[in-house]
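Fold and geometry: a report
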Amino acid sequence: MTVIANLGAAAPELFLAGAGIVLLMFGVFRKSDATAQVGWLAVAALVAAAGLVLTGSKGSATLFNGLFVTDGFAVFTKLATLGASALTLILSLSWLAQEQVKKFEYAILIIFATLGMLMMISANNLMSLYLGLELQGLAAYVLAAFKRDTLKSTESGLKYFILGSVASGLLLYGMSLVYGFTGTTSFDKLAEVLSHHPSTGVMVGLVFMLSGMAFKVSAAPFHMWTPDVYEGAPTPVTAFFAIAPKVAAIALFIRLLAGPFADLVGAWQQVVWLISILSMAIGAFGAINQTNIKRLLAYSSIGHMGYVLVGLTVASPEGVRGALVYLALYVFMNVGAFAVVLSMRQKGRAVESISDLSGLSRTSPGLAAALTIFMFSMAGIPPLAGFFSKLYVFMAAVKAGMFGLAIIGVLTSVVSAFYYIRVIKIMYFDEPVDSFDRPATANTVILWGTSAVTLLFWLWPAALINSAQTAAQVLFPG
Amino acid sequence: MYVAAIFLPLLAAMIAGFFRHILGDRGAQLVTTGSVMASAAMSIMIFIEVGLNGQPQSIQLFKWISSGDLQVSWSVHVDTLTAVMLVVVTSVSSMVHLYSWGYMHHDKSVPRFMAYLSLFTFMMLMLVTADNLVQLFFGWEGVGLASYLLIGFWYEKPSANAAAIKAFVVNRVGDFGFALGIFGVYFLFGSVEFKDIFAAVPEYADATVTFFGIQAHALTIIGLLLFVGAMGKSAQLGLHTWLPDAMEGPTPVSALIHAATMVTAGVFMVSRMSPLYEYAPDALAVIAVVGATTAFFAATVGCTQNDIKRVIAYSTCSQLGYMFFAIGVHAYQAAVFHLMTHAFFKALLFLGAGSVIHAMSDEQDIRKMGGIWKHIPVTYAMMWVGSLALAGIPFFAGYYSKDMILEAAYASHSGPGMYAFVLGIAAAGMTAFYSWRLLIMTFHGKPRANEHVMGHIHESPPVMLVPLLVLAVGALFSGYVGYDLFVGEGREAFWGEAIKVLDATDSVAHAHHVPSWVKLLPLYMSVGGIALAYVLYLFAPGIPGVIARVFRPVYLFLLNKWYFDELYDRIFVRPAFVLGRHFWKGGDGALIDGVGPDGIAAATRDIARRVSRAQSGYLYHYTFAMILGVAVFVTWFLMSKAG
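Note that this is a predicted model, so its numbers are computed, not measured. (Residues numbered from 1 in each chain as written. Chains lettered and ligands numbered in written order. Predicted model: local features only at pLDDT ≥ 70, side-chain atom pairs only at ≥ 80, totals over all residues. Heavy atoms only, no water.)

This next bit is on the overall build of chain B. What chain B contains, in helices and strands, is 28 helices and four strands. Out of the 643 residues belonging to chain B, those deemed buried represent 58%. Here the analysis covers contacts within chain B between residues at least 6 apart in sequence; of these, 79% occur between residues at least 24 apart. Accessible surface, chain B: about 25,300 Å² in total, of which carbon and sulfur atoms supply 69%. (Helix = DSSP H or I, 4+ residues; strand = E, 2+ residues; numbered from the N terminus. Buried < 20%, exposed > 50% of the residue type's maximum accessible area, 1.4 Å probe, protein only. Contact = heavy atoms within 4.5 Å. Areas by Shrake-Rupley, 256 points an atom, 1.4 Å probe, with all protein chains shown as cover.)

Each helix and strand in chain A was counted, giving 20 helices and four strands. Classification of the 478 residues of chain A by burial places 62% in the buried group. The contacts of chain A with a sequence gap of at least 6 include a subset with a gap of at least 24, amounting to 81%. Accessible surface, chain A as shown: approximately 16,600 Å² in total, 70% of it carbon and sulfur.

Turning our attention to the packing of aromatic side chains. All names here are of chain B. By the definition in use, this model includes 58 aromatic pairs over all chains. Here W140 and F178 contribute two aromatic rings whose centre-to-centre distance is 4.6 Å and whose plane-to-plane angle is 50°, an arrangement assigned as tilted. Of the two residues, W140 is situated in helix α5 (residues 133-151) and F178 in helix α6 (residues 158-189); the sequence distance between them amounts to 38 residues. In this pair, the class of W140 matches that of F178, namely buried. Taking 5.5 Å as the distance between ring centres and 65° as the angle between the ring planes, the aromatic pair formed by Y568 and F572 counts as edge-to-face. Linking Y568 with F572, this pair stays in helix α26 (residues 564-595), spanning four residues, or about one helical turn. An aromatic cluster of at least three residues, connected via ring pairs, comprises F47, F337, F395, Y399, Y400, Y480, Y483, F486, F494 and W495. Between the NZ or CZ atom of R172 and the centre of the ring of F168, over which it lies, the distance is 4.2 Å. (Phe/Tyr/Trp six-rings, centres within 6.5 Å; stacked < 30°, edge-to-face > 60°. Lys NZ or Arg CZ within 6 Å of the ring centre and 35° of its normal.)

Taken as a whole and assessed by the stated rule, the structure comprises 28 salt bridges over all chains. Between D71 of chain A and R255 of chain A there is a salt bridge, with the nearest N and O atoms lying 3.0 Å from each other. One end of the pair, D71 of chain A, is in the loop between β2 (68-70) and α4 (72-99); the other, R255 of chain A, is in helix α11 (residues 235-258), with 184 residues separating them in the sequence. Residue classification places R255 of chain A among the buried residues on the basis of a relative accessible area of 6%. K195 of chain B is paired through a salt bridge with E193 of chain B; the nearest N and O atoms lie 3.6 Å apart. (Salt bridge = Lys/Arg side-chain N within 4 Å of Asp/Glu carboxyl O.)

Turning our attention to the side chain of T264 of chain B. Residue and element names in this part refer to chain B. Considering the arrangement of structural elements, one finds T264 in the loop between α10 (251-260) and α11 (265-272). Relative accessible area serves as the criterion here: at 0%, T264 is assigned to the buried category. At 3.4 Å, the side chain of T264 forms a polar contact with the backbone oxygen of A260. Among the polar contacts listed, one links the side chain of T264 to the backbone oxygen of T261, at a separation of 2.5 Å. Contact partners of T264, with chain neighbours within four places excluded, come to M85, S234, A259, L320, M323 and L339. (Polar contact = N/O pair within 3.5 Å; in protein donor to acceptor, adjacent residues only side chain to side chain.)

Attention now goes to the interface of chain A and chain B. How large an interface is tends to be reported as the accessible area lost when its parts come together. Opposite the 36 residues of chain A that make contact, chain B presents 25 residues. Summed over both sides, the interface of chain A with chain B buries roughly 2,700 Å², with 79% coming from carbon and sulfur. It is M224, Q270 and F285 of chain A that lose the most area in chain A upon contact with chain B, and together they represent 21% of the buried surface on that side. For the pair chain A and chain B, the number of links is zero salt bridges. Joining chain A to chain B, the criterion identifies four residue pairs in polar contact (both at pLDDT 80 or more). When contributions to the side of chain A that touches chain B are tallied by element, the ones reaching two or more residues are α7 (151-182), α9 (200-216), α10 (225-232), α12 (265-286), α13 (293-314) and α18 (403-429) of chain A. In terms of residue count, the dominant contributor to the side of chain A that touches chain B is α12 of chain A (nine residues). Residue composition of the side of chain A that touches chain B, by class: 26 nonpolar, seven polar and three charged. (Buried area = accessible area lost by both parts, 1.4 Å probe. Nonpolar A, V, L, I, M, F, W, Y, C, P; charged D, E, K, R; others polar.)

Turning our attention to the confidence of the model for chain A. Chain-level statistics for chain A give a pLDDT mean of 90 and a share of 98% at 70 or above. Ranking the elements of chain A by mean pLDDT puts helix α1 (residues 2-6) of chain A last, at 59, and helix α5 (residues 105-122) of chain A first, at 94. (pLDDT = per-residue confidence, 0-100.)

Backbone torsion omega between A220 of chain A and P221 of chain A reads 0°, so that peptide bond is classified as cis. Relative to the elements of secondary structure, P221 of chain A occurs in the loop between α9 and α10. Cis geometry marks the peptide bond from P382 of chain A to P383 of chain A; its omega dihedral reads 5°. Looking at the element boundaries, P383 of chain A is found in the loop between α16 (365-379) and α17 (385-399). Phi angles above zero are rare outside glycine, and A235 of chain B is one such case at about 55°. Mapped onto the fold, A235 of chain B is located in the loop between α8 (218-233) and α9 (242-245). Of note, H330 of chain B is a non-glycine position whose phi angle comes to about 70°, a positive value. Tracing the backbone through its elements, the reader meets H330 of chain B in the loop between α14 (308-328) and α15 (332-359). According to the relative accessible area criterion, H330 of chain B is buried, its value standing at 13%.

Residues and elements named next belong to chain A. Between helix α3 (residues 35-55) and α4, the shortest axis-to-axis distance is 9 Å and the interhelical angle comes to 165°. The angle between the axes of α3 and α4 places the two elements in the roughly antiparallel class. Helix-helix and strand crossings are classified by hand; for α3 and α4 the assignment is left-handed. On α4, the residues that touch T35, G39, W40, A42, V43, L46, A49, A50, V53 and L54 of α3 are V75, K78, L79, L82, S85, A86, L89, I90, L93 and L96. Here the residues of the contact of α3 with α4 sort into 16 nonpolar, three polar and one charged. (Axes fitted to C-alpha atoms, helices over the stretch in contact; angles between N-to-C directions. Parallel < 35°, antiparallel > 145°, perpendicular 65-115°, else oblique. Left-handed = near helix turned anticlockwise from the far one by under 90°.)

Let's shift gears to the environment of Y434 of chain B. All names here are of chain B. Residue placement: Y434 occurs in helix α18 (residues 415-443). Look at Y434 and you get buried, because its relative accessible area is 1%. C-alpha of Y434 to C-alpha of Q305: the two residues are 129 residues apart in sequence and 9.0 Å apart in space. The residues touching Y434, leaving out its near neighbours within four places in the chain, are A299, G302, C303, V311, S315, S318, Q319 and L390. Of note is the side chain of Y434, whose polar atom sits 3.2 Å from the side chain of S315.

Take the nonpolar core next. By size, the foremost hydrophobic cluster in this structure holds 218 residues, and its most contacted members are V92, F189, Y277 and F325 of chain B. Tallying contributions element by element places α15 of chain B first for this core, with 19 residues. Grouped together as the second largest cluster of nonpolar side chains are 196 residues, L46, Y330, A339 and M402 of chain A included. (Core = buried A, V, L, I, M, F, W, Y, C linked by side-chain atoms within 4.5 Å.)

The next point concerns the confidence of the model for chain B. Across chain B, the average pLDDT comes to 88, with 100% of residues at or above 70. As a predicted assembly, this complex carries a pTM of 0.64 together with an ipTM value of 0.85.

Take the environment of L52 of chain A next. All names here are of chain A. Of note, L52 is situated in helix α3. For the pair formed by L52 and P12, sequence separation is 40 residues and the distance between their alpha carbons is 5.5 Å. Apart from residues lying up to four places away in sequence, L52 is in contact with A11, P12 and F15.

It is a general feature of regular strands that their side chains alternate between the two faces of the sheet. Residues and elements named next belong to chain B. Note: strand β3 (residues 208-211) against strand β4 (residues 214-217), four bridges, orientation antiparallel. Looking at the pairing, F211 lines up with I214 of β4. Connecting β3 to the antiparallel partner β4 that follows it, the hairpin turn spans two residues, and F212 within it adopts a positive phi of roughly 55°. (Pairing = 2+ DSSP bridges.)

Structure follows, in structure tokens:
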């Protein structure tokens with residue numbers, strides 16, 4: 001009975017699971033095509049889940065015998081995840097309509113993937129962690145291959161699946177090592193055991209786990225799948241991949257490292273440090289030669305994950321706060337950027353080459369202005385949002401005396417500014433090619449919203465910074 | 001009134017410069033000329049108040065720099081020396097402004113020209129009214145800037161641009177010395193205010209500083225450094241090469257800047273620092289020698305030049321030499337006196353030359369002139385007045401001032417003084433000679449210009465002749481009127497605190513008691529020079545050619561201006577170009593660009609290519625990378641733990 005009484009803490013997850021099943025039934029039993037209806041209902045379900053997260057308990061609570069935890073940190077990251085999922089789903093719906101893909105399962109898969117992410121965020125045990133991760137992963141593999149009649153999409157789905165399985169293997173192996181050396185999978189007990197005498201085996205297991213999770217956030221050197229999968233997967237799926245799972249996986253990263261493995265900070269710090277630097281470098285240099293906007297954004301997201309991991313490497317409340325702020329703003333910038341990419345349609349056909357943007361400032365000035373805002377923001381030009389997100393993580397790094405990390409971060413962001421600004425140069429100074437079709441209304445609305453947030457964040461930064469501060473504080477009691 | 005007199009020209013320059021499209025040519029001329037004339041009227045009133053009634057004024061405008069001990073303010077400090085300069089600058093400037101109406105009539109950027117002239121006037125006034133070395137330096141650089149702009153006024157002409165750059169660069173050398181001198185003053189006295197410096201000078205009379213590892217007399221070092229600045233600005237031997245080239249500018253500019261005012265800034269500055277120089281006799285000796293040598297050198301070169309403006313330019317150079325050796329023998333008053341008379345008659349000569357050039361359809365070579373005096377009688381008469389004043393013929397302005405200088409040099413009874421006296425006497429003869437050579441070749445003899453030019457000869461319009469007449473009045477009477485005040489009995493009351501001469505070395509006082517042959521010798525030399533010019537160029541015109549052939553090396557040496565330009569070209573200009581090219585190609589191009597921007601960019605592209613190549617698309621490559629990553633992490637982790 002106690003289990004039932006406490007279920008309220010898991011209300012969003014339960015609701016989302018139920019909604020997924022109900023919508024699946026709805027889609028199956030409807031005679032005509034139900035893609036749009038299921039889609040919008042799914043958006044509503046995600047928004048409702050976000051509402052449940054907001055109205056749910058603010059304090060910490062565990063249930064399912066300590067497998068599941070909710071706290072302020074979970075609230076913050078779940079909101080970001082749900083928001084990212086909902087926004088990308090809206091973008092997807094207009095794409096589905098434009099491409100005339102009549103498969104309502106798309107929205108169901110997004111719901112289950114999101115459910116997996118929420119479970120990752122709330123995981124309080126290695127087992128529930130793996131469960132959430134796999135639920136998210138399996139839904140994602142299917143999504144990558146969603147346009148199964150095209151070679152690229154299927155190739156991308158297959159690649160993602162195989163490499164994801166390898167990563168899962170690494171993760172599982174790491175978990176088994178940790179279990180073997182500590183005799184527990186519970187985060188709370190792990191923390192207790194590890195505070196006394198951590199053995200080398202545990203640490204090796206941790207390195208394996210870090211590798212598996214680094215795959216999920218596409219951090220170097222486990223990033224190789226990202227450009228290929230991003231390019232091959234349908235564009236709205238790419239948008240989804242680039243945003244929501246990253247938020248959830250970073251949240252998991254943070255919870256794991258700041259929670260059970262907090263006492264091993266000396267051990268994991270150097271690994272995360274290296275992953276962070278490699279990611280920033282790969283993200284900066286890899287994108288330079290790209291001609292496909294989706295590949296470019298793939299490298300961009302690798303780089304951004306590197307910057308987020310800077311905040312994690314610092315292992316302080318400031319660092320985590322910086323990482324959370326970065327993630328939240330990352331959601332807005334990328335949703336906006338992908339909204340532009342999804343609006344790149346000429347004569348009813350989607351294009352995704354960077355050169356297709358030539359002279360966009362003359363053919364569709366609004367779109368060009370929006371993308372300019374996002375590119376400048378990602379490059380970290382003040383006073384746009386992206387500047388502040390970088391500022392907070394670098395500040396945390398400097399405060400912790402990790403000057404090398406901050407300097408490398410600044411240098412790589414200089415290099416990455418090159419390709420961001422190149423996009424702007426192409427839009428504003430190159431001769432126009434064919435003009436784009438009118439973007440879907442939903443895209444336009446999202447574009448307006450995200451560019452406004454990116455552009456005007458500096459006016460009201462306190463709301464986000466403070467809530468990130470509160471969320472980060474939860475993980476550092478005392 | 002004091003402030004208005006100085007800032008009116010600036011205001012006019014800004015109005016004429018920035019609103020030239022609204023004002024048009026005539027508007028710009030009216031605004032600038034009107035304000036400079038108003039400034040001139042106020043300057044005369046200031047002169048009466050300060051100079052004649054002996055009431056120096058000092059007005060602090062506002063603070064400029066306040067940094068630790070260094071306090072610098074903008075101020076208007078007017079004593080007798082400043083008042084004299086104010087009158088000279090504003091009166092000559094207003095005449096030149098007026099003259100430019102006619103002379104620049106055909107030019108297409110009249111407002112720009114007028115704005116530059118007014119800007120120059122303002123800067124010159126800033127220079128002379130400074131009460132500290134930094135404001136003086138501001139004005140000093142400001143006139144340099146205006147000079148640069150005006151020499152290169154016809155910027156389509158490559159030669160004008162080259163001359164402008166040359167003037168600027170040569171002045172940089174002088175200014176470097178000047179700046180070092182100011183640093184030295186601040187180092188020694190802890191202040192750049194004149195009154196603080198002058199009050200402290202006697203205390204530091206025997207102070208020494210270590211300069212390049214040598215223990216040296218501090219005031220001498222400072223005096224010499226400041227004099228290097230004065231050499232640049234006043235075209236003394238060594239740094240004189242820019243002045244003849246500066247004649248590329250329009251003739252009114254030559255009259256105003258390169259004869260009457262800016263080039264005398266060096267004389268002004270050294271006179272202003274007289275309380276300091278009085279305690280640096282070695283520096284003064286150097287000044288006397290340099291000045292005398294310049295006077296002699298420039299006079300010899302002036303005898304062989306054929307460009308009407310260059311002859312007068314070398315004459316200016318020579319006369320500036322006179323002023324400096326006057327300073328060198330402690331006769332500051334005589335130097336400033338000559339500065340004033342020279343400003344009038346040299347501006348007159350230049351404007352007269354401009355009038356000739358105007359009449360001769362822009363011809364400047366006196367070998368292509370001749371026989372035109374009947375066509376332009378007023379100009380002819382004015383050139384006579386100017387030449388008589390320059391040659392020092394009695395009762396013309398130059399007679400009083402130049403003779404005073406030579407007498408003071410003799411009366412100083414020192415080695416440098418005698419050196420200066422001998423060279424000065426020789427230069428006086430040559431001055432008369434080249435002046436009449438110029439007059440005769442330009443106005444007399446057979447016409448050597450072609451008929452087309454001869455047909456167009458016309459007297460200049462009244463707007464150009466009136467300034468000539470006004471300046472002629474100055475050239476006629478300024479010497480006689482000023483003699484008593486500047487160097488005569490009334491001098492002590494007149495100068496007050498503005499110029500300080502120690503009693504022991506007051507050569508102006510001694511100059512009144514020299515033997516009569518000393519007083520008459522310059523006159524004999526001048527008359528002799530004039531007579532010789534008549535013989536050689538009017539009565540027996542074949543002789544100069546014979547002389548030039550017989551003494552060919554000497555002639556070429558003089559014609560080529562003692563080969564200074566060639567020497568500098570060889571020693572400084574070309575090595576500088578070689579060095580510059582070296583730094584450009586090797587240092588900047590190969591090293592900084594190569595390793596810096598270009599190198600980093602190339603490296604970035606290279607890395608980007610490698611990263612992209614690693615992205616092969618093969619699953620087993622990717623898997624391998626992941627496993628390798630794990631292996632490396634684990635290894636690194638274990639290693640670092642062990643270590």
